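Breakdown of the fold
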Amino acid sequence: MSAQETKAVKAPAAKQASTMPEFLRKFVVGLKRSPQTIPLVVLVIAFLVYSMNLTHISDTTAKIQGPGMGLCGFATMLFSMLSLVCFLNAFPRRKKPVIPMVVIMFVMFAIILFCDNYYANLIYAALTRTENPIVLDASTIYIAQAFNVLSDHMMWEGIGIALVVLLPVYSKLLNKINTSIVVEENAGMGTIDISGED
């Protein structure tokens, strides 16, 4: 005696597709997979701001010759590069952060900000001292430019540090953005009939 049984299996409800343009969707997907790219880009910008204006820093050091100015400039450049290397090792792709590298990275950030601030204070002191102050004119305008470079570098470095600290927060926010797509092959599958015969 044979009997035919038919079972209807319903497919799970499809997630609503994203309405954003494809290039933007791919960009967001990339950020969701590697959110550490955001602070890395900002830290690279900070490094470029400083390294591309080293001439102003070097000329200012030679002109003012304040105590430790050369060492501060060297330390800022060195630790800016090493902090990027530390960052790449502290946040490996799709893995948990490496805590020792994160700690070392923040120590380097602190040294960079200290050196920038110390150097900027020496420039200010040289311009405002009572005896033989340095006068800014066409021949010494690079000193003002060096001061501005230090201010910009500290600003970008601070933004980068804040983004590193807030990484867990906006990582969760990025994951909430809908980047799903509709698979056309499955779009018409409402129910599946499975027939069996004894």
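Model, not experiment: these values are computed from the prediction.

A few words now on a nonpolar patch on the surface. A cluster of nonpolar side chains, namely Val165, Leu166, Val169 and Leu173, defines an oily patch on the protein surface of about 360 Å² accessible area. Relative to the assigned elements, Val169 resides in helix H7 (residues 167–175).

Before going further, it helps to spend a moment on helix H6 (residues 141–165). Here H6 is 25 residues long and its end C-alpha atoms lie 37 Å apart, about the 36 Å a rise of 1.5 Å per residue gives. Inspection of H6 places Tyr142, Ile143, Ala146, Val149, Leu150, His153, Glu157, Gly160, Ile161, Leu163 and Val164 among the buried residues, and these make up the whole buried set. On its buried face, H6 sits against helix H2 (37–51), helix H3 (54–64), helix H4 (69–90), helix H5 (99–128) and H7.

Note that Thr60 resides in helix H3. Each C-alpha atom, one on Thr60 and one on Gln145, is 9.3 Å from the other, the two residues being 85 residues apart in sequence. With residues up to four places along the chain from it excluded, the contact list for Thr60 reads Gln65, Met69, Tyr119, Ile123, Tyr142, Ile143 and Ala146. A polar contact is formed between the side chain of Thr60 and the backbone oxygen of His56, at a distance of 2.7 Å.

Another aspect to go through is the side chain of Asp116. Locating Asp116 in the fold gives a position in helix H5. Residues in contact with Asp116, not counting those within four places in the same chain, are Tyr50, Thr76, Leu150, His153 and Met154.

For the rest of this paragraph, the subject is the packing of H2 against H4. The geometry of H2 relative to H4 is characterised by a closest axis approach of 11 Å and an angle of 160° between their N-to-C directions. Viewed along their axes, H2 and H4 adopt a mutual orientation that is roughly antiparallel. Seen along the crossing, H2 lies across H4 with a hand that is left-handed. Across the interface between the two elements, Pro39, Leu40, Leu43, Val44, Phe47, Tyr50 and Ser51 from H2 touch Gly73, Thr76, Met77, Ser80, Met81, Leu84, Phe87 and Leu88 from H4. Split into classes, the residues belonging to the contact of H2 with H4 amount to 11 nonpolar, 4 polar and no charged.

In total, this model carries 3 aromatic pairs according to the counting rule given. Ring plane angle 90° and centroid distance 5.7 Å describe the contact between Phe106 and Phe109, whose orientation is recorded as edge-to-face. Here Phe106 pairs with Phe109, and both are found in helix H5, just 3 residues apart, close to one helical turn. Overall, the relative accessible area of 28% leaves Phe106 in the partly exposed class. A centroid spacing of 6.1 Å and a plane angle of 20° characterise the contact between Phe114 and Tyr118, whose relative ring orientation is stacked. Note that Phe114 and Tyr118 are positioned in helix H5 at a spacing of 4 residues, about one turn of the helix.

Let us now look at the side chain of Thr76. Among the structural elements, Thr76 can be located in helix H4. Given a relative accessible area of 1%, Thr76 falls into the buried group. Contact partners of Thr76, with chain neighbours within four places excluded, come to Tyr50, Ile112, Cys115, Asp116 and His153.

Definitions and limits used
Residues numbered from 1 in each chain as written. Predicted model: local features only at pLDDT ≥ 70, side-chain atom pairs only at ≥ 80, totals over all residues. Heavy atoms only, no water. Patch = residues over 30% accessible without salt bridge, like charges linked within 9 Å, V, L, I, M, F, W, Y side chains within 5 Å. Areas by Shrake-Rupley, 256 points an atom, 1.4 Å probe, with all protein chains shown as cover. Salt bridge = Lys/Arg side-chain N within 4 Å of Asp/Glu carboxyl O. Helix = DSSP H or I, 4+ residues; strand = E, 2+ residues; numbered from the N terminus. Expected span 1.5 Å × (residues − 1). Buried < 20%, exposed > 50% of the residue type's maximum accessible area, 1.4 Å probe, protein only. Contact = heavy atoms within 4.5 Å. Polar contact = N/O pair within 3.5 Å; in protein donor to acceptor, adjacent residues only side chain to side chain. Axes fitted to C-alpha atoms, helices over the stretch in contact; angles between N-to-C directions. Parallel < 35°, antiparallel > 145°, perpendicular 65-115°, else oblique. Left-handed = near helix turned anticlockwise from the far one by under 90°. Nonpolar A, V, L, I, M, F, W, Y, C, P; charged D, E, K, R; others polar. Phe/Tyr/Trp six-rings, centres within 6.5 Å; stacked < 30°, edge-to-face > 60°.

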